[in-house]
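For reference, the chains in residue letters:
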Amino acid sequence: MIFPGKILIRDVSLRDGLQNEPVFVETNQKINKIKDLIDAGFRRLEVTSFVHPKWVPAMQDADLLGQNLLMVPGVEYEALVPNQRGLDRFLQSKIDNAVFFLSASTKHNQANLNKSSDESLEEIKSLVEKTKVEDRRVIGAISTAFVCPFAGHVPYSEVERIASNLVSYGVDELGLGDTIGKATPRQVYDYCSRLAEKFPDIPIGLHLHDTYGFGLANVLAGIQAGVYLVDVAQAGLGGCPYAPGAPGNVQASRVVEFLELQNINTGLDLERLKQLDHSFSQVVREAEAFTKTVQA
């Protein structure tokens with residue numbers, strides 16, 4: 001079994017952690033939370049999504065946030081970019097890395113993006129080319145890489161086919177998403193190790209949900225398979241609005257404690273993360289209370 005000396009952890013609290021919440025967290029609060037995350041040791045943060053605010057109201061301040069980020073040496077910001085309009089907005093921001101996403105399951109892709117996976121691939125090809133010209137890094141993210149809420153088990157062959165296309169387009173990194181948390185450690189190890197062997201020069205990240213309590217086991221399975229980056233959220237926030245039953249991302253403090261106990265260094269301050277569990281939950285509660293007051 002492979003136990004690396006260190007692993008990179010990316011925070012997705014401000015994007016995936018908030019996108020499914022029925023409230024809007026103000027931009028200045030998000031910026032304050034970003035500072036807290038950086039102080040805790042994070043060097044990769046996924047902070048927003050350039051989707052239409054009609055579909056994801058929690059991301060309605062993507063432009064304002066993207067233009068007012070704290071620029072800290074060694075810290076990289078990332079955002080989801082769904083289409084050409086999203087790319088135009090991304091390129092006006094200070095955000096370093098564009099995350100182009102699609103689903104390995106066409107049924108989920110249709111529900112999420114209103115097009116087939118192959119249609120998304122065609123669009124992403126052009127978007128990657130335009131992004132690389134602007135000297136920004138590109139991440140190809142594959143949702144429902146293991147199990148689809150509508151179609152069930154997703155075969156590895158389909159994940160590899162999509163990954164092969166993304167690599168041919170020139171992505172700098174691949175990400176696999178267990179969108180509804182139904183992947184097993186064996187499946188995670190199998191898919192990640194095969195992709196790592198096929199694309200040895202492309203870093204692979206893993207985005208996990210903890211629906212059935214497999215989150216920590218899947219983290220370890222991915223790391224042993226060659227994954228170099230794992231996504232987390234504070235207080236386990238998050239979920240996909242197009243994946244019924246998805247509860248949230250793997251919790252940052254639990255993942256870090258789990259890895260540090262095995263002498264896998266994350267570079268993160270565990271005590272600060274435990275404090276952030278509380279403060280992120282409080283921010284969401286305050287936003288909920290404010291929304292109820294406005295609506296009353």
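Look a little higher up for the structure.
Residues numbered from 1 in each chain as written. Predicted model: local features only at pLDDT ≥ 70, side-chain atom pairs only at ≥ 80, totals over all residues. Heavy atoms only, no water.

Caption draft 1: Here's a closer look at the packing of aromatic side chains. In total, this model carries four aromatic pairs according to the counting rule given. Seen in terms of ring centroids, Y156 and Y191 are 5.4 Å apart; in terms of plane orientation they differ by 65°. Their pairing is edge-to-face. Pair noted here: Y156 is in helix α6 (residues 156-169) and Y191 is in helix α7 (residues 185-198), with a separation of 35 residues, a long-range link. Three or more aromatic residues joined by ring pairs make a cluster, and in this case those are F146, Y156 and Y191. Above the plane of the ring of F90 lies R136, whose end atom (NZ or CZ) is 5.0 Å from the centre. (Phe/Tyr/Trp six-rings, centres within 6.5 Å; stacked < 30°, edge-to-face > 60°. Helix = DSSP H or I, 4+ residues; strand = E, 2+ residues; numbered from the N terminus. Lys NZ or Arg CZ within 6 Å of the ring centre and 35° of its normal.)

Caption draft 2: Layout of the pairing of strand β8 (residues 173-178). Of all six residues in β8, six are buried; the element is thus mostly enclosed. Alternating residues of β8 divide into E173, G175 and G177 and L174, L176 and D178, and every residue in both groups is buried. By the bridge criterion, four bridges tie strand β5 (residues 137-143) to β8 in an arrangement that is parallel. Across the sheet, the residue bridging to I142 is L176, located in β8. Examined bridge by bridge, β8 and strand β9 (residues 204-208) share five bridges and lie parallel to one another. Following the sheet pairing, D178 is matched in β9 by L208. Running through α7, the crossover from β8 to the neighbouring parallel element β9 is right-handed. (Buried < 20%, exposed > 50% of the residue type's maximum accessible area, 1.4 Å probe, protein only. Pairing = 2+ DSSP bridges. Right-handed = clockwise from strand over helix to strand, strands pointing away.)

Caption draft 3: Local environment of helix α5 (residues 117-133). The terminal C-alpha atoms of α5 lie 24 Å apart, and with 17 residues this matches the ideal 24 Å at 1.5 Å per residue to within 8%. Within α5 the residues assigned to the buried category are S117, S120, L121, I124, L127, V128 and T131. D135 sits one or two residues past α5 and shows a positive phi near 65°. (Expected span 1.5 Å × (residues − 1).)

Caption draft 4: Up close: the side chain of K33. Positionally, K33 belongs in helix α1 (residues 27-39). By relative accessible area, which is 10% here, K33 ends up buried. Looking at K33, its side chain comes within polar contact range of the side chain of D36, at 3.0 Å. Polar contacts involving the side chain of K33 include one to the side chain of S279, which spans 3.2 Å. Ignoring any residue separated from it by four or fewer positions in sequence, one finds K33 in contact with L14, S279, F280 and V283. (Polar contact = N/O pair within 3.5 Å; in protein donor to acceptor, adjacent residues only side chain to side chain. Contact = heavy atoms within 4.5 Å.)

Caption draft 5: Structural view of the environment of N263. Structurally, N263 can be placed in the loop between α9 (252-260) and α10 (270-295). Classification of N263 as exposed rests on a relative accessible area of 67%. Each C-alpha atom, one on N263 and one on G213, is 22 Å from the other, the two residues being 50 residues apart in sequence. Setting aside chain neighbours within four positions, we find N263 in contact with P4 and G5.

Caption draft 6: Seen up close, the packing of helix α3 (residues 84-91) against α5. Two numbers describe how α3 lies on α5: the axes approach to 10 Å, and their chain directions differ by 20°. Viewed along their axes, α3 and α5 adopt a mutual orientation that is roughly parallel. In this structure, the crossing between α3 and α5 has a hand that is right-handed. In contact with Q84, L87 and F90 of α3, α5 contributes E123, L127, K130 and T131. The residue makeup of the contact of α3 with α5, split by class, is three nonpolar, two polar and two charged. (Axes fitted to C-alpha atoms, helices over the stretch in contact; angles between N-to-C directions. Parallel < 35°, antiparallel > 145°, perpendicular 65-115°, else oblique. Left-handed = near helix turned anticlockwise from the far one by under 90°. Nonpolar A, V, L, I, M, F, W, Y, C, P; charged D, E, K, R; others polar.)

Spatial relationships are all this shows, so hold off on functional conclusions.
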